[in-house]
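What follows is the residue order along each chain.
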Amino acid sequence: MPGHGGHRGPAGGTITGVTHSPDGPDLPSPPDPGRPGVPAAGGQPDVTAERLARIEALLAPARGELAGAGHRLVPAWRRATRGEPRWAATTAVIAVMAIQWVLPARLAVQPRPLMPAVEAALLICLIILNPHRIERGSRTYRMLSLVLTLTIGGANAYSAVRLVSALVQGTDGDSARGLLLNGGAIWLTNTVIFALLYWELDRGGPAARAHGEHEVPDFLFVQMQSPELAPPQWEPAFFDYFYLSFTNSTAFSPTDVMPVKRLAKGLMLVQSAVSLITVVLVVARAVNILN
């Protein structure tokens, strides 16, 4: 049937590219410059669109992988998040104050109520500034927090020195049970104090960590090295630093958490030394009494 477009071939298919003319022989259809792979107006095949389409198809999976990788490279501990609940650190401080209260008078700072009262006042100020979550960072809050930690550390250092001096001079330790209890209390307090120090110093403290102010950590946790092993919202909390302090006090060396900065390495060194001296002297004296 006369018309434009194409005509049907022997097998019934349409032969494209041919225009049937009623007054003459069939003529080729005019090229479509907008379709890839056909001659353009200048007579050259326009393959630019086809090549671009192929490149887009090849790059599409790579773009998806890069976007996913970029998302994975920003874990919770490196971006701004909600502040850490303060109940864990507050509970640890209260436990240390209770231990200081039950220590024998010869090992405690005198007058006995002085240190617990000072520590309680500092703790109340910190709770007022950040009652539920540690989100509001300020110079005043950071100063009070460090002063509280150092106050507890100073009181425990005094007790440790008194205990070690008495053991070396042989003036303390008539009862193995009492010696182990006092030595264990001082050792546990020392563990909590260094946990607070690590917690306060790592990347500027809990408030700075919540705002993502520092990217380089002071301590490298396993979840930072292998983020696929941790939930997407994981970030270090007080218990993680207490675990670090406890393992350093028992193994006298880093275990699965590595110190990165020199200050962190120095603190872990001091903690290991204090823990080793306390444990060795107390255990040795207790064994001597039992024998």
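Our structure is the block above this text.
Computed from a prediction, not measured in an experiment: that's the story for all the values here.

Caption draft 1: Representation of the packing of aromatic side chains within the structure. According to the stated counting rule, one finds seven aromatic pairs in the structure shown. When the ring of Phe 221 is compared with that of Tyr 241, the centres are 5.5 Å apart and the planes differ by 90 degrees; the resulting orientation is edge-to-face. One end of the pair, Phe 221, is in the loop between strand E7 (219–220) and helix H7 (222–225); the other, Tyr 241, is in helix H8 (residues 238–251), with 20 residues separating them in the sequence. Here Phe 221 matches Tyr 241 in class, with each residue buried. One aromatic cluster is present, formed by Trp 187, Phe 242 and Phe 246 through successive ring pairs.

Caption draft 2: Structural context of the side chain of Glu 200. Here Glu 200 is to be found in helix H5 (residues 176–201). The class of Glu 200 is buried, set by a relative accessible area of 3%. In this view, Glu 200 contacts Arg 142, Ser 145, Leu 146, Thr 149, Gly 205 and Pro 206; residues no more than four positions away in its chain are not counted.

Caption draft 3: View of the nonpolar core. Of all hydrophobic cores here, the largest spans 36 residues; its most connected members are Leu 196, Tyr 198, Phe 219 and Phe 238. Here this core takes eight residues from H5, the largest share from any one element. Setting aside chain neighbours within four positions, we find Phe 219 in contact with Tyr 198, Asp 202, Met 224, Tyr 241, Leu 244, Val 257, Met 258, Pro 259, Val 260, Ala 264 and Met 268. The next biggest cluster of nonpolar side chains, apart from the first, holds 12 residues, and it includes Ile 99, Leu 103, Leu 167 and Ala 286.

Thresholds, definitions, all that
Residues numbered from 1 in each chain as written. Predicted model: local features only at pLDDT ≥ 70, side-chain atom pairs only at ≥ 80, totals over all residues. Heavy atoms only, no water. Phe/Tyr/Trp six-rings, centres within 6.5 Å; stacked < 30°, edge-to-face > 60°. Helix = DSSP H or I, 4+ residues; strand = E, 2+ residues; numbered from the N terminus. Buried < 20%, exposed > 50% of the residue type's maximum accessible area, 1.4 Å probe, protein only. Contact = heavy atoms within 4.5 Å. Core = buried A, V, L, I, M, F, W, Y, C linked by side-chain atoms within 4.5 Å.

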